[in-house]
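# Structural features, examined
Below, each chain spelled out in residue letters.
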Amino acid sequence: MSVKIRLNTASATHVVLAKVGNPQRDEPLQTSKEVFPISEEDQPTLTGIFLKPFKNLMAHRFTHHSSLDQHEMNTCVKAIFETKNGLYERGVEIAKRLYSKSNHPNIKAGDLCIAHIKEAQVEGEFVQGLCILKSESVVPFLSISTRDGDLQISTEQGINPDKIDKGCLILDYWSKKGYYVLTFDRSGSDSRFWVRDFLGVEAVPDAAFLTNAYTKMAVEFLEEDKPADDTPPWETCNAARGALEYFEEREKFDLEEFEEEVLKTPEAKSKFHEQRARLEEEQGQPLETSFEISKKDVTKAKKRINAVLKLDTGVEIHVKSTLSTEHDPVLERGYDDRKGMKFIKVFFNKDLSA
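Going by what an unreviewed UniProt entry lists, the chain is known as Nucleoid associated protein NdpA and is assigned to Prosthecobacter fusiformis.

Laid out in structure tokens, this is it:
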């Protein structure tokens with residue numbers, strides 16, 4: 001099930017601020033003493049910064065093994081949505097929860113913004129939301145100002161809006177199912193504390209999620225299962241494109257059919273099952289074996305296919321997926337008897353980096 005969301009009508013109205021350290025390193029938690037109201041003049045700029053990361057993200061929802069009433073984040077968010085004056089108290093609770101979960105040595109201290117959002121659109125209806133952003137690094141920036149009829153330059157430290165590390169946007173939709181949550185963590189899948197420990201969410205197994213999951217598995221599986229010989233990476237790349245043709249040609253995915261037509265051998269099927277089991281463990285939920293295919297997510301998957309050839313001399317060659325379909329190859333492999341080394345010859349007309 002796909003939910004239509006529009007954020008161009010939304011505005012950030014109030015924000016609670018915090019500095020969240022790592023308890024293991026005896027770094028403190030500091031929260032603002034009150035809610036910071038965002039002026040109408042600053043709302044367009046700050047709203048754009050707050051909501052920019054949440055485009056084209058897959059949906060999640062709060063989950064609890066017993067009851068959502070016992071889910072701490074769900075309870076805080078519900079109180080904020082139901083009580084106009086609850087943002088500060090519950091925002092501090094959220095900051096304290098994040099602090100208590102930040103005790104792994106790899107978790108960095110950072111600045112936290114918890115902002116109330118009004119008039120986001122979900123399925124054509126205006127809803128409120130809660131945006132939580134954590135930035136774990138600051139960057140220097142220059143400021144040129146006028147003083148005594150002359151120009152002065154100074155440096156300050158601040159947050160780069162394009163480098164915000166973690167965030168979530170919780171929308172007042174599906175309240176009885178755990179709300180509709182969009183989330184990201186730029187540190188990657190190795191750091192799960194944001195999604196599991198802090199937020200306590202699971203991915204919504206809709207068409208977009210399942211199409212992304214299976215196309216990613218198919219491509220990664222072909223990469224891992226490639227022969228341990230001199231097979232060029234662009235051939236593996238071409239095989240991955242071939243696997244994605246299954247998703248392009250059908251409206252519905254069926255795992256058994258996919259295995260028979262794409263994987264074919266018992267060994268390949270067994271390895272793919274192992275990969276699927278690992279992903280299910282990471283996601284904390286089983287994957288459906290039959291679902292409607294999201295065509296736009298298949299297109300995205302094809303764009304991500306690129307071959308990379310890593311050589312022991314420190315050279316990397318990045319090959320676009322379109323190269324594998326060209327009839328006149330621009331790469332030539334060989335062996336140099338004099339040097340006793342393999343080589344790759346690259347043909348080109350113009351150096352576009354110059």
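### A few points about a nonpolar patch on the surface
Side chains of L142, I144, L151 and I153 sit close together on the surface and give an oily, nonpolar patch of about 480 Å² of accessible area. Among the structural elements, I153 can be located in strand β9 (residues 150-158). Owing to a relative accessible area of 58%, I153 belongs among the exposed residues under this scheme.

### With respect to the side chain of E259
The topology assignment puts E259 in helix α7 (residues 255-263). In this structure, E259 is in contact with K264, K269 and H273, ignoring residues within four places of it in sequence.

### A few points about the packing of aromatic side chains
In the structure shown here, the tally under the stated rule is 17 aromatic pairs. Where W174 meets Y180, the ring centres are 5.0 Å apart and the plane angle is 65°; that geometry is what we call edge-to-face. Taking the centre distance of 5.5 Å and the plane angle of 45° together, the rings of F253 and F258 count as tilted. An identical accessibility class is assigned to F253 and F258; each is buried. Members of the aromatic cluster, joined through ring pairs, are Y214, Y246, F247, F253, F258, F272 and F291.

### Regarding the environment of K176
Position of K176 relative to the elements: it lies in the loop between β10 (166-171) and β11 (180-185). As for K176 and L68, which are separated by 108 residues in sequence, their C-alpha atoms are 8.3 Å apart.

### Notes on the pairing of strand β18 (residues 341-346)
One ladder, built from 6 bridges, connects strand β17 (residues 331-336) with β18; its direction is antiparallel. Residue pairing for β18: L331 is matched across the bridge by V346. Joining the antiparallel neighbours β17 and β18 is a turn of 4 residues, in which G340 adopts a positive phi near 70°.

### Considering the nonpolar core
Grouped together as the largest cluster of nonpolar side chains are 28 residues, with contacts concentrated most on F62, I94, L112, L130, I132 and I170. Every element with two or more residues in this core is listed here: β2 (11-20), α2 (72-82), α3 (87-101), β6 (110-122), β7 (125-135), β10 and α4 (193-199). If one sorts the elements of this core by residue count, α2 sits on top with 5 residues. If we skip the residues at most four places from it in the chain, L130 touches V77, I80, F81, L87, I94, I114, A115, H116, C168, L169 and I170. Counting residues in each nonpolar core, the second largest holds 26 residues, with C113, L169, F184 and V204 among its members.

### Considering the packing of α7 against helix α8 (residues 266-283)
For the pair α7 and α8, interaxial distance at closest approach is 10 Å and the crossing angle is 130°. Classed by the angle they form, the pair α7 and α8 counts as oblique. Helix-helix and strand crossings are classified by hand; for α7 and α8 the assignment is right-handed. Here α7 contributes L255, F258, E259, E260 and L263 to the contact with α8, which in turn contributes A268, K269, F272, H273 and R276.

Conventions and cut-offs
Residues numbered from 1 in each chain as written. Predicted model: local features only at pLDDT ≥ 70, side-chain atom pairs only at ≥ 80, totals over all residues. Heavy atoms only, no water. Patch = residues over 30% accessible without salt bridge, like charges linked within 9 Å, V, L, I, M, F, W, Y side chains within 5 Å. Areas by Shrake-Rupley, 256 points an atom, 1.4 Å probe, with all protein chains shown as cover. Salt bridge = Lys/Arg side-chain N within 4 Å of Asp/Glu carboxyl O. Helix = DSSP H or I, 4+ residues; strand = E, 2+ residues; numbered from the N terminus. Buried < 20%, exposed > 50% of the residue type's maximum accessible area, 1.4 Å probe, protein only. Contact = heavy atoms within 4.5 Å. Phe/Tyr/Trp six-rings, centres within 6.5 Å; stacked < 30°, edge-to-face > 60°. Pairing = 2+ DSSP bridges. Core = buried A, V, L, I, M, F, W, Y, C linked by side-chain atoms within 4.5 Å. Axes fitted to C-alpha atoms, helices over the stretch in contact; angles between N-to-C directions. Parallel < 35°, antiparallel > 145°, perpendicular 65-115°, else oblique. Left-handed = near helix turned anticlockwise from the far one by under 90°.

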